[in-house]
Amino acid sequence: MQMDFSLSDEERAIRDTARQFITREIMPLEREALRRERAHRPGLERSELVELQQKAKKFGFWGLSTPEQFGGMDLPAVLQSLIWTELGRTWVQFRFGGEADNILYYCDERQKKEYLLPTIDGDRISCFAITEPGAGSDAANIRFSARRDGDDWVLRGEKTFITNGHDADFVIVVAVTDRDKDVRNGGSTAFLVDRAMGWRSEFIPTMGEGGPASLIFEDVRVPSSNILGEIGQGFELGMEWIGKGRYLIPSLALGIAERALGMAIEYANTRETFGRPIGTNQAIQWMIADSEVELEATRWLVLRAAWTVDQDEDPRHMSSMAKLYGAGMVNRVVDRVMQIHGGMGYTRELPIERWYRQVRLMRIYEGTDEMQRLIIARDLLRGYTKIGGYLR
Ligand SMILES: Cc1cc2nc3c(=O)[nH]c(=O)nc-3n(C[C@H](O)[C@H](O)[C@H](O)COP(=O)(O)OP(=O)(O)OC[C@H]3O[C@@H](n4cnc5c(N)ncnc54)[C@H](O)[C@@H]3O)c2cc1C
C-alpha cells in the first residue's frame, strides 16, 4: 500500500506564497476591519478589495479557478482548497480576484464579452439566484417564471437570500420555462439578466456581516440571446454552481477553525485562574483536544473531496460529507474557543463572536446540514456509493 499525505513541492510553494500574502498584506487590516464592522460599515470597501486583488495579481494570484486562456491559474481543486483554507485564517473578507461563477463558462461568444470577461476583470459583479421564498432546500419547487414573447422572454417572480444581490449588476437566474416538464429535467432555464433590464433588489439584514438580497422581477423583458446554456438546462446549471461551494466552504471553515483554535491555545497558556493557567485544567484540555481531532478529520474529508474533483470523478458524495462535517466542526470549534476565552470571547474586542455569527451560515446555505445528510443517506440506500471512505 502506497500512501503519501504530504503536498508536492509545487503545492507547498503555492500554498506558502498565498499564506505569505495573506499574512503580510491582509492580516494587518484586521483590527481596522473589526472597528469598521462594529460601526456597521463593510470591513473592506470595494475599492480597497480591488486594490488588494491587483496587488495579489502581482504576487501571482489571479483567477484561482479561471482557465489559463482567460488569464487565470486554473488550479486543481486540491490547490484551490488549500488556498481557501489560507483565506479562512483571516476575518478580513478578502478573496483573490480574477474569478467568475463556474457556470458563466457556458456563455456563448457574445455573452463571454458581455458577462464572463468583465466579471473576471472585476468590472462587473454577478450573483446567482435559484432560491425563492417558497423554494430553498426544495429547489425543484421554484415558481419564478419566464414566458416566451416573440424573440424575448418575460420574467416574473421573486428570488430571495441572494448573495451579492444588492451589489450585483447582473444575475444568473433560474426560471421555470416549461410547466409541463419537471424543473429538474428540461423545465427550467438559466438567464443572464442585467439590473438595467428592470429587476430590483431589497437588502436582507442577517446575523452575519453584510447580507443577501431579495430580487424582484415584475415582467422583466430579456432577449433570447441572454439564455445561458441551453433551454431546459437551468436546474442542471444551478446544481453545478452549488457543487463548487460544497468543497470550498469547508476549506474556508478549516482555516477559520485553525486560527481560532490557535488563539484558544495561546489564551489557555497565558490566562490564569486560581494561580495557574486555565490550560492546566482537563476541562479546557478536552475542548482543545476535541477541536484538534475534528479539525484534522475535516482536513482529510475536504482534501478527499477536492481530490475526487481532480480525478474527474463524481464528487457529490464526498463533497456533501466534507460540507456537512466541516460546517458542523467549525461551529463546534468556534463555540469552544469562545468558552475558553470566557467573557472576553463574547466581546467585540475579539473576532470570536464575529466568527460565531459568520460560521452559523455554513450549516444553512448551499445545502443545509439536513440536505447533505439526505444526499449521503440516499447514495448509500440506493447503492450509488460504497460505505465509508473506501480505498481504490
Ligand atoms: C446568507 C445567505 C446567502 C445565500 N445565498 C444564496 C445565493 O447566492 N443564491 C441562492 O440561490 N440561494 C442563496 N441562499 C439560500 C440558501 O441556499 C437557502 O436558504 C437554503 O438552501 C435553505 O433553504 P430555505 O432557507 O428555504 O430553508 P427550507 O428549505 O425552508 O428549510 C427549513 C429547514 O427545514 C429543513 N428541511 C427542509 N426539507 C427537509 C427534508 N426533506 N428533510 C429534513 N429537513 C428538511 C432544512 O434543512 C432547514 O433546516 C442563501 C441563504 C443565506 C441565508
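Residues numbered from 1 in each chain as written. Predicted model: local features only at pLDDT ≥ 70, side-chain atom pairs only at ≥ 80, totals over all residues. Heavy atoms only, no water.

Draft legend 1. View of the site of the ligand. In the vicinity of the ligand, 18 residues are found, and the nearest of them are Thr 131, Ser 137, Phe 161, Thr 368 and Glu 370. Within the contact set of the ligand, a nitrogen atom lies 2.9 Å away from a backbone nitrogen or oxygen of Phe 128. Its free accessible area being 980 Å², the ligand has 64% of it covered by the protein chains. Contributing elements (two or more residues each) for the shell around the ligand: strand E1 (126-129), strand E3 (152-162) and helix H11 (369-381). Each residue belonging to the shell around the ligand can be placed in one class, and the counts come to 11 nonpolar, five polar and two charged. (Near = heavy atom within 4 Å. Polar contact = N/O pair within 3.5 Å; in protein donor to acceptor, adjacent residues only side chain to side chain. Areas by Shrake-Rupley, 256 points an atom, 1.4 Å probe, with all protein chains shown as cover. Helix = DSSP H or I, 4+ residues; strand = E, 2+ residues; numbered from the N terminus. Nonpolar A, V, L, I, M, F, W, Y, C, P; charged D, E, K, R; others polar.)

Draft legend 2. Region of interest: the side chain of Arg 354. Looking at the element boundaries, Arg 354 is found in helix H10 (residues 352-360). Arg 354 has contacts with Leu 34, Glu 37, Trp 91, Gln 93 and Glu 209, leaving out every residue within four places of it along the chain. (Contact = heavy atoms within 4.5 Å.)

Draft legend 3. Highlighting the packing of aromatic side chains. Tallied over the entire structure, the rule returns 13 aromatic pairs. Both rings, one in Phe 21 and one in Phe 59, keep their centres 5.1 Å apart while their planes meet at 65°; by these two values the pair is edge-to-face. Taken as a pair, Phe 21 in helix H1 (residues 9-26) and Phe 59 in helix H3 (residues 46-59) lie far apart in primary sequence, 38 residues in all. Note on Phe 61 and Phe 96: the rings are 5.0 Å apart at their centroids and 25° apart in plane angle, and the pair reads as stacked. With a gap of 35 residues between them, Phe 61 in the loop between H3 and helix H4 (77-88) and Phe 96 in the loop between H4 and helix H5 (109-121) connect regions that are remote in the sequence. The same class applies to Phe 61 as to Phe 96, namely buried. Taken together through their ring pairs, the aromatic side chains of Phe 21, Phe 59, Phe 61, Phe 94 and Phe 96 make up a single cluster. Positioned over the ring face of Trp 62 is Lys 57, at 4.4 Å from the centre of the ring. Against the face of Tyr 325 rests Arg 332, its NZ or CZ located 5.6 Å from the ring centre. (Phe/Tyr/Trp six-rings, centres within 6.5 Å; stacked < 30°, edge-to-face > 60°. Buried < 20%, exposed > 50% of the residue type's maximum accessible area, 1.4 Å probe, protein only. Lys NZ or Arg CZ within 6 Å of the ring centre and 35° of its normal.)

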